[in-house]
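Tertiary structure, described
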Amino acid sequence: KKILVLNGPNLNLLGKREPTIYGNNTLDYLIEDLKKTAASYGAVTEAFQSNHEGDLIDQIHHAEEENYTGIILNPGAFTHYSYAIRDAIASVNVPVVEVHISNVHARESFRRESVTAPVTVGQIVGFGFFGYELALKALLEYIKRGE
Ligand code: DQA
């Protein structure tokens, strides 16, 4: 199983960005850790981060063309307003699990709405970096059930 791990804007700054909300660990750490977990499940993860909406959309298209089995997606702030990312998810035949490091429901009210979540398999929020591991497990289970 080949899983694409897509991180959106400002997530390249993990470790130094608002550490009280997002913690002290870096994106590289997150990606490396997830890779090991994936290996223990017999899966492979490939990670991509971008601060640009169009690049994330291209990656979602790419995931279908390259036969990725699923996508773990943290769209960052695009979650709350990018109809283009939502449409990209809806346009491809690849299951997506949405992840948020922070508990978006316990923060500013604009973070409570996700325009992308309705076209994903499900959403995991508020468990820090561990949310990516939960997302991976959920995605692999979802894929297995569909086989
Ligand atoms: C985030 C939550 C978003 O509201 C925010 O804009 C982010 C990170 C999270 O992982 O908690 O950039 O997606």
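Since the model is a prediction, treat every value here as computed from it, not as a measurement.

Once that is clear, we can look at the overall build of the chain. When you go through the chain residue by residue, the secondary structure sums to 5 helices and 5 strands. Counting helices and strands in the order they occur from the N terminus, the chain gives β-α-α-β-α-β-α-β-β-α. Over its C-alpha atoms the chain spans a radius of gyration of 14 Å, differing by no more than 12% from the 15 Å that the globule rule assigns to 147 residues. Principal axes of the C-alpha set define a box for the chain whose edges measure 40 × 35 × 25 Å. Scored against the burial criterion, the 147 residues of the chain give a buried share of 33%. In the chain, of all internal contacts separated by at least 6 residues, the share reaching a separation of at least 24 is 74%.

All right, on to the environment of Gly8 then. With respect to the helices, strands and loops of the structure, Gly8 is situated in the loop between β1 (2–7) and α1 (19–22). Setting aside residues up to four positions removed in sequence, Gly8 forms contacts with Ser50, Leu56, Asn74, Pro75, Gly76 and Phe78.

Taken together, Asn10, Asn74, Gly76, Ala77, Thr79, His100, Ile101, Ser102, Val104 and Arg111 are the residues near the ligand. In terms of residue class, the shell around the ligand is built from 3 nonpolar, 6 polar and 1 charged.

Attention now goes to the sheet that holds strand β2 (residues 44–49). Ordered by their spatial adjacency, 5 strands build an open sheet running β2-β1-β3-β4-β5, and the pairing between neighbours is parallel. Whereas interior strands pair on both sides, the edge strands pair on one side only; in this sheet they are β2 and β5 (122–125). In this sheet, neighbouring strand axes are inclined to one another by 20 degrees on average, regardless of whether the strands run parallel or antiparallel. As paired elements, strand β3 (residues 70–74) and strand β4 (residues 96–100) share 3 bridges and run parallel to each other. Following the sheet pairing, Leu73 is matched in β4 by Glu98.

We now examine the UniProt feature "site: Transition state stabilizer" (unreviewed entry) in the chain. Mapped onto this numbering, the UniProt entry gives "site: Transition state stabilizer" (unreviewed entry) at Arg17. Its location among the elements puts Arg17 in the loop between β1 and α1. On the neighbour-count criterion, Arg17 (13 C-beta atoms within 10 Å) is partly exposed. Other than its neighbours up to four places away in sequence, Arg17 contacts Asn10 and Tyr22.

Parameters at a glance
Residues numbered from 1 in each chain as written. Predicted model: local features only at pLDDT ≥ 70, side-chain atom pairs only at ≥ 80, totals over all residues. Helix = DSSP H or I, 4+ residues; strand = E, 2+ residues; numbered from the N terminus. Rg over C-alpha atoms; globule rule 2.2 N^0.38 Å. Buried ≥ 20, exposed ≤ 12 C-beta atoms within 10 Å, placed from the backbone. Contact = placed C-beta atoms within 7 Å. Near = placed C-beta within 6 Å. Nonpolar A, V, L, I, M, F, W, Y, C, P; charged D, E, K, R; others polar. Pairing = 2+ DSSP bridges. Axes fitted to C-alpha atoms, helices over the stretch in contact; angles between N-to-C directions. UniProt positions renumbered as here; feature names shortened; annotations may be inferred.

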